[in-house]
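Working through the structure, step by step
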Amino acid sequence: YKKISSVLKTQKILNPLTNDEIQVFPVRRENNTIYYYYNSSEGILRAGKQFNSDKLDFEKEKRYVLKYPIEKGNTWIGESKTFLILRRYPYFDYKATANFQLKNSIISVDEEVKVPAGKFDKCIKVEGIGSTTFFGDSEIGTIKIKIRTKEWYAPNIGLVKAVRIEETDTDLFGTTKMVQVLDEYSK
C-alpha cells in the first residue's frame, strides 16, 4: 500500500531543552504525525514529533538522521523501534514492537538513485543494523529480530529512497520488508 508524507513550510521554533531558536523542516506523515528536523553543526537531527494537534514533544537525546562529517565510514548510534513485524490472527492483529539501537554507517557519498521522482546523483547512502527481542506470549516465547536499513539522501532534496527489513527467527512472524521512494517533489 502507499503512504504519503508531505513537507510543510519551514519555521523557527524555540527548543526548550537547549533554549535555542532553530529553523525546522516539518514533515507530515500519513497518520497526521508531524516530525520536525533541523540542521546543526553536528548533523541533521530530529527535533521532535507532534501527534495530531498535540504539543510538540521534543527529543530528550540527540537523534541524528545524518551525523557530520558526511564522509564514508562515519558511524553513529540511533534509537529506533520495530514497526513492521505483524501477525494476523482471526480476531486480532499482533504487532511486535520493541526498542533497539541502530548502528548507522555512511557507506558512500556518490550513489546514483533512480526513483519515480527522477534520477539523483551524488546521494549519501547510509546503512543501519540492529537487533532486539520481544516476548510474544507463553506459547510463542522470546523472538529475536534483526533489523537492516538502507537510506539514500540526495543533495538539497533529502531522503529519496529507504529500505527496511525486519527479520525474525520464527516462521510465525517471518520477515517483513518496506521500501519507500520519492514519487514527486517541487522546488
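Below is a summary of the structure that appears in this document. The model shown is predicted, which means the values in this text are computed figures rather than measured ones.

A few words now on the overall build of the protein chain. Each helix and strand counted, the protein chain has 0 helices and 15 strands in total. Scaling as 2.2 N^0.38, a compact globule of 187 residues should have a C-alpha radius of gyration of about 16 Å, and the protein chain matches this with 18 Å. Seen through its C-alpha atoms, the protein chain measures out along the principal axes to roughly 50 × 40 × 30 Å. Per-residue burial for the protein chain yields a buried fraction of 39% across its 187 residues. Pairs at least 24 residues apart make up 39% of the contacts formed inside the protein chain by residues separated by at least 6 positions. For the protein chain, the separation between the mean place of its 31 positive charges and that of its 25 negative charges on side chains is 2 Å.

Our focus in this paragraph is the layout of surface pockets. In this structure, the second largest pocket spans a volume of roughly 240 Å³. If you trace the second largest pocket, you find 16 residues lining it, with Asn15, Thr18, Tyr38, Leu45 and Lys62 closest to the centre. Elements represented by at least two residues in the lining of the second largest pocket include exactly strand E3 (20-28) and strand E5 (43-50). The biggest single contributor to the lining of the second largest pocket is E5, with 3 residues. The class makeup of the residues in the lining of the second largest pocket is 5 nonpolar, 3 polar and 8 charged.

Thresholds, definitions, all that
Residues numbered from 1 in each chain as written. Predicted model: local features only at pLDDT ≥ 70, side-chain atom pairs only at ≥ 80, totals over all residues. Heavy atoms only, no water. Helix = DSSP H or I, 4+ residues; strand = E, 2+ residues; numbered from the N terminus. Rg over C-alpha atoms; globule rule 2.2 N^0.38 Å. Buried < 20%, exposed > 50% of the residue type's maximum accessible area, 1.4 Å probe, protein only. Contact = heavy atoms within 4.5 Å. Lys, Arg positive; Asp, Glu negative; His and termini not counted. Charge placed at Lys NZ, Arg CZ, Asp CG, Glu CD. 1 Å grid on protein atoms, 1.4 Å probe; cavity = no way out; pocket = protein on both sides within 12 Å on 5 of 7 lines; lining within 4 Å. Points joined across faces, edges and corners; volume = space filled by probe spheres on them. Nonpolar A, V, L, I, M, F, W, Y, C, P; charged D, E, K, R; others polar.

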